[in-house]
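# A structural walkthrough
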Amino acid sequence: MDTVTSRDGTSIAYQQAGSGRPLVLVTGAFNDHTTCAELAAELSPGRTVITYDRRGRGESGHRMPYSIDREVDDLAALVEHAGGSAAVFGYSSGAQLALKAAADGVAISHLVMYEPPFAFDTGQFGPPDLHEQVADLVAQGRPGDAVALFQTAGVGMPAEFVAQIRQSPMWPALEAMAPSLVYDVTIMTSLASPTQAMADVSMPALILNGTQTWPKLQHAAKTLAEAMPAARYEEVPGGQNHEIPPEATAALVRDFLDEN
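Below: a short report on this structure. (Residues numbered from 1 in each chain as written. Predicted model: local features only at pLDDT ≥ 70, side-chain atom pairs only at ≥ 80, totals over all residues. Heavy atoms only, no water.)

## Considerations on the pairing of strand 1 (residues 2–5)
Across four bridges, strand 1 lies against strand 2 (residues 11–17) in antiparallel orientation. If you follow Asp2 over to strand 2, its bridge partner there is Tyr14. (Pairing = 2+ DSSP bridges. Helix = DSSP H or I, 4+ residues; strand = E, 2+ residues; numbered from the N terminus.)

## Quick word on helix 8 (residues 178–190)
Helix length check: helix 8 (13 residues) gives 18 Å between terminal C-alpha atoms against 18 Å at 1.5 Å per residue, within 8%. Helix 8 sits mainly inside the fold: eleven of its 13 residues count as buried. Packed against the buried residues of helix 8 are helix 2 (68–81), helix 3 (93–103), helix 4 (130–139), helix 5 (143–155) and helix 7 (171–176). (Expected span 1.5 Å × (residues − 1). Buried < 20%, exposed > 50% of the residue type's maximum accessible area, 1.4 Å probe, protein only. Contact = heavy atoms within 4.5 Å.)

## Notes on the pairing of strand 3 (residues 21–26)
Buried residues dominate strand 3, accounting for five of its six residues. Pairing between strand 3 and strand 4 (residues 47–52): five bridges, direction parallel. Opposite Leu25, over in strand 4, you have Thr51 as the bridge partner. Taken together, strand 3, helix 1 (residues 37–43) and strand 4 constitute a β-α-β crossover, and its handedness is right-handed. Of the strand pairs in this sheet, strand 3 and strand 5 (residues 86–91) are connected by four bridges, and their pairing is parallel. (Right-handed = clockwise from strand over helix to strand, strands pointing away.)

## Description of the packing of helix 3 against helix 8
The contact between helix 3 and helix 8 brings their axes to 9 Å, and the two run at 60 degrees. Of the two possible hands of crossing, helix 3 and helix 8 adopt the one that is left-handed. Together, Ser93, Gln96 and Leu97 of helix 3 and Asp184, Ile187 and Met188 of helix 8 make up the contact between the two elements. Of the residues belonging to the contact of helix 3 with helix 8, the class tally is three nonpolar, two polar and one charged. (Axes fitted to C-alpha atoms, helices over the stretch in contact; angles between N-to-C directions. Left-handed = near helix turned anticlockwise from the far one by under 90°. Nonpolar A, V, L, I, M, F, W, Y, C, P; charged D, E, K, R; others polar.)

If you want it as structure tokens, here you go:
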């Protein structure tokens, strides 16, 4: 992977494919640059698609203390690398981060947000101090408990279901990403509702959710679209359980970028 250097000196690893107008993909919790690989492959014909490891995961570095502003700087460095302006696709907490970056003045030409987990209603995505609870468990050397707390208190999974996941082959990978999970929960709690500057973002914006996603994510997407002056809302056929259907999502993204 190639790298760019963020404002604080952190190395951010990325992959780039295709040619044409640039599009940067920003992923969410438990994600790295591979999470949206199928979506990137669908979108790369006709445009330059950049996927990256957010700080603290994959091949990217990180520096403490963590702040959302530093993640905004990371995205700004990638946009600058892409030519000084780029469209951005944000997924889950990555969508919240992308909207914050747009509000902070990063040169984003078009913004697509897939199921941003804004609460709008108090406590919808867990208690306000959830990021502190998760961080404490990670600091105590209990990454599995940190992951389980996020899944139950933040996502709303039944404890019995999470107990089953803890016995699955995927669990070690989730535990390994627990330190960066703190970053995502910080975004979700600190930006539980968009700031006024975020709601006022006026570049063309497309807000998506899957037709079979969780009701609270559909509510968040619709409410955000109503709050933003130049946003439109669409449902992605077949999308369920907060997952991205690559082909159907790419078709909507292509149409949006080509129209604007």
